[in-house]
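Observations on the model geometry
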Amino acid sequence: MARARRLLFLVEILFLAVSLSSSDQETVNDFGDGIRSVEAEATTWPPNVVSSEDDPSLAPGHLKPIGANVPNKAVKVLQGFPPPDVFLRDYAIPSVPVLFRAAVTDSVAFKNWNTDEYFRQFSEADRQTHTIETRKKEVRTQRPTALTLRQFLDRYNQEDIYMVEAVPSFLRKDVPMPKSLLCEPLTNLLVDTVMWFSSGGTKSVLHNDDVDNINCLYAGKKELVFINFPRYRNKVDLDHPEGSYSSMDVEAVDFTKYPFMRDVEYHRVNMSAGDCLYIPYRWYHQVNSYGRNIAVNVWWEHNLKKYVEALSQDCGDLSEDATLADFNIENPQEEQPSDHLKEFLDSVKDETVTFEVFEASVKKDRVATELIIWTPECRQIIKEMFDEIDRNEDSVLTQDELDLMQEEELEEVLGEKLDGIRTVIIDQVAQLRQSVEAEVARGRAESYVELVKKLLDEGRTTLAGADESAEQGHQEL
Ligand SMILES: *[C@@H]1O[C@H](CO)[C@@H](O)[C@H](O)[C@H]1NC(C)=O
């Protein structure tokens, strides 16, 4: 409050200064070289001295739950799952959330998970332990605990606990693989499946995930609020970037601490048992749950290039009735930081590696294959990586230099720099999507996907001759 009052005072002083200095209708600046800039003065009176722009605490929604007091946008709703090609074309490639109504009401999980008794009959319910969060209003610093499923079932209705864990192996056959993912180019990208189980009343933090996600609800209700990632990625400021979340109070958003929250649009959607929701890669979201609640996330690696390729590939012959038990889901993101690069460095042996050879190898790395263009910025990031390993600064890497580095030290250097490349990928993909959206909005493109495909094939993020391309000036090396 004190801060708000100080701001108000400052605004008044500023206003006084402006009104004293400018008695003319126009302010004219002569730069002496014939360039004159003319600024028209505001003519409204009395001016709006204190606007919500000056004082965030006056904006509607301040200290209210996320997205309150501003009109929320809807999320698209479909009956059931569309086939994989439609899902890719209309949702995954353009990064659009969508609710699949009653998509899993035929499943064993939907039919049997409505009672705790069903879970108690499995002997594994006594044997395996699971990660249990110990506060329903999520606090990321809170330490989780471990319980067996039976112990959890005995306590979850009385205590402030919920379960977040890879779907237990004995329950995977109950959970259908979302039909929109039943295509091998997509199932090859699967990363993880996570089960959320609570008695309701959970409130998550505002966060995002670095994977694509279909969340299916098998019991209870959920309310979600979304913020569009491609559109607001430079605006939303998560104060815990290491965990991709914000520590803001989601029930009372303080606009003086999080001013970006009054400048973004919110999409809101409700889920009932049997519904699934596509949560696009990195879209910010906050989730509240109501009543006995069981949900399963299916997470897969986001890759625009592979999605576009998948459209022209064969889906294989996956069964329509496939469940999570039919897939061997490994998390490639846990190969830290990048197997290819580590392998390459292991193979250095007696050779000496110049920067050019090193750069060529990084370009083949799994991370870099997602890049649309290898830019000077990428080269700079890789040069920094190279220089950190090249201890004697003779511009070649040798086995001796690699031996000088501790394993963890090497992983840290590689990890940090590959994260730099990931940021470039995110920017390039967002820029490409923006260019394509603008072109489609102007009615100059027949199909969103065809245009994305064309740009990817040409290794560009913007259209030649389009307004944006001149200022962006990406260059290929
Ligand atoms: C979600 O459900 C709540 C509670 O029933 C309701 O107030 C709200 O309008 C619903 N929102 C949407 C987007 O349907």
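Residues numbered from 1 in each chain as written. Predicted model: local features only at pLDDT ≥ 70, side-chain atom pairs only at ≥ 80, totals over all residues. Heavy atoms only, no water.

Of regular secondary structure, the chain possesses 16 helices and 14 strands. Counting over 477 residues, the chain shows a buried share of 48%. When contacts within the chain are restricted to residue pairs at least 6 apart in sequence, long-range pairs at least 24 apart make up 78% of them. Per element, the accessible surface of the chain, about 24,200 Å² overall, is 48% carbon and sulfur. (Helix = DSSP H or I, 4+ residues; strand = E, 2+ residues; numbered from the N terminus. Buried < 20%, exposed > 50% of the residue type's maximum accessible area, 1.4 Å probe, protein only. Contact = heavy atoms within 4.5 Å. Areas by Shrake-Rupley, 256 points an atom, 1.4 Å probe, with all protein chains shown as cover.)

Low pLDDT means the predicted atomic positions in that stretch should not be read closely. The share of residues in the chain with pLDDT of 70 or more is 83%, and the mean pLDDT across the chain is 84. Counted against residues more than four places away or in other chains, residues 1–43, with its pLDDT under 50, gives 31 contacts. Ignoring residues within four places in sequence, the model shows residues 466–477, a span with pLDDT below 50, making 25 contacts including any to other chains. (pLDDT = per-residue confidence, 0-100.)

Now for unusual backbone geometry. Positive phi, close to 60°, is recorded for Leu63, a residue that is not glycine. Relative to the helices and strands, Leu63 is located in the loop between strand S2 (36–40) and strand S3 (76–79). For Leu63, a relative accessible area of 49% puts it in the partly exposed group. Phi is positive for Ser395, which is not a glycine, with a value near 70°. The topology assignment puts Ser395 in the loop between helix H12 (376–389) and strand S14 (396–397).

A separate point is H12. Given a rise of 1.5 Å per residue, 14 residues ought to cover 20 Å, and the 20 Å separating the end C-alpha atoms of H12 matches this to within 8%. Of the residues making up H12, those classed as buried are Cys378, Ile381, Ile382, Met385, Phe386 and Ile389. Along the axis of H12, the buried positions cluster into a sector of 140°, meaning they face one direction only. (Expected span 1.5 Å × (residues − 1). Arc of directions from axis to C-beta.)

All right, on to the state of the cysteines then. Taken as a whole and assessed by the stated rule, the structure comprises 2 disulfides. Each disulfide pairs two cysteine sulfurs, and for Cys183 the partner residue is Cys315, the sulfurs being separated by 2.0 Å. In this structure the cystine formed by Cys183 and Cys315 twists about its S-S bond by roughly -85°; its chirality is therefore left-handed. Of this pair, Cys183 sits in the loop between strand S7 (162–166) and helix H7 (184–187) while Cys315 sits in the loop between helix H9 (304–310) and helix H10 (339–346), placing them 132 residues apart in sequence. Take Cys315: its relative accessible area is 25%, and that puts it in the partly exposed class. The disulfide partner of Cys216 is Cys276, and the gap between their sulfur atoms is 2.1 Å. In this structure the cystine formed by Cys216 and Cys276 twists about its S-S bond by roughly 110°; its chirality is therefore right-handed. A residue pair is termed long-range when its members are at least 10 positions apart, and Cys216 in strand S9 (residues 212–227) and Cys276 in strand S11 (residues 276–279) qualify at 60 residues. If one numbers only the bonded cysteines of the chain, in the order they occur, the disulfide pattern is 1-4, 2-3. (Disulfide = S-S within 2.5 Å.)

Another aspect to go through is the packing of aromatic side chains. For the structure on display, the rule yields 20 aromatic pairs. An angle of 85° between the planes, with centres 5.4 Å apart, marks the rings of Tyr118 and Phe122 as edge-to-face. Phe122 matches Tyr118 in its accessibility class, with the two residues each being buried. Between Phe119 and Phe197 the ring centres are 5.6 Å apart and the planes differ by 55°, which places this aromatic pair in the tilted class. Placement of Phe119 in helix H4 (residues 116–120) and of Phe197 in strand S8 (residues 190–198) is noted, with a sequence separation of 78 residues between them. The same class applies to Phe119 and to Phe197, which are both buried. When the ring centre of Phe355 is taken as origin, the NZ or CZ atom of Lys383, which lies over that ring, is 5.8 Å away. (Phe/Tyr/Trp six-rings, centres within 6.5 Å; stacked < 30°, edge-to-face > 60°. Lys NZ or Arg CZ within 6 Å of the ring centre and 35° of its normal.)

The next thing to look at is the packing of helix H14 (residues 407–441) against helix H15 (residues 448–458). Contact geometry for H14 and H15: axes closest at 10 Å, N-to-C directions at 135°. The orientation of H14 relative to H15 falls into the category oblique. Pair H14 / H15 crosses with right-handed handedness. In contact with Leu432, Arg433, Val436, Glu437, Glu439 and Val440 of H14, H15 contributes Tyr448, Leu451, Val452, Leu455 and Leu456. A class-by-class count of the residues in the contact of H14 with H15 yields 8 nonpolar, no polar and 3 charged. (Axes fitted to C-alpha atoms, helices over the stretch in contact; angles between N-to-C directions. Parallel < 35°, antiparallel > 145°, perpendicular 65-115°, else oblique. Left-handed = near helix turned anticlockwise from the far one by under 90°. Nonpolar A, V, L, I, M, F, W, Y, C, P; charged D, E, K, R; others polar.)

Inside soluble globular proteins, nonpolar side chains tend to come together where they are buried. The biggest cluster of nonpolar side chains holds 95 residues, and the ones touching the most others in it are Trp113, Phe119, Phe152, Ile214, Trp300 and Phe358. If you tally residues by element for this core, the top one is H14, at 10 residues. Looking at this core, you find at least three residues from each of domain 1 (31–333) and domain 2 (339–476). Residues in contact with Phe358, not counting those within four places in the same chain, are Phe344, Leu345, Val353, Ile382, Met385, Phe386 and Leu397. Counting residues in each nonpolar core, the second largest holds 33 residues, with Ile66, Leu206, Phe260 and Met271 among its members. (Core = buried A, V, L, I, M, F, W, Y, C linked by side-chain atoms within 4.5 Å. Domains from an automatic or database assignment.)

Next up on the list: the environment of Ser447. Tracing the sequence through the fold places Ser447 in the loop between H14 and H15. Along the primary structure Ser447 and Val436 are separated by 11 residues, whereas in three dimensions their C-alpha atoms are 9.3 Å apart.

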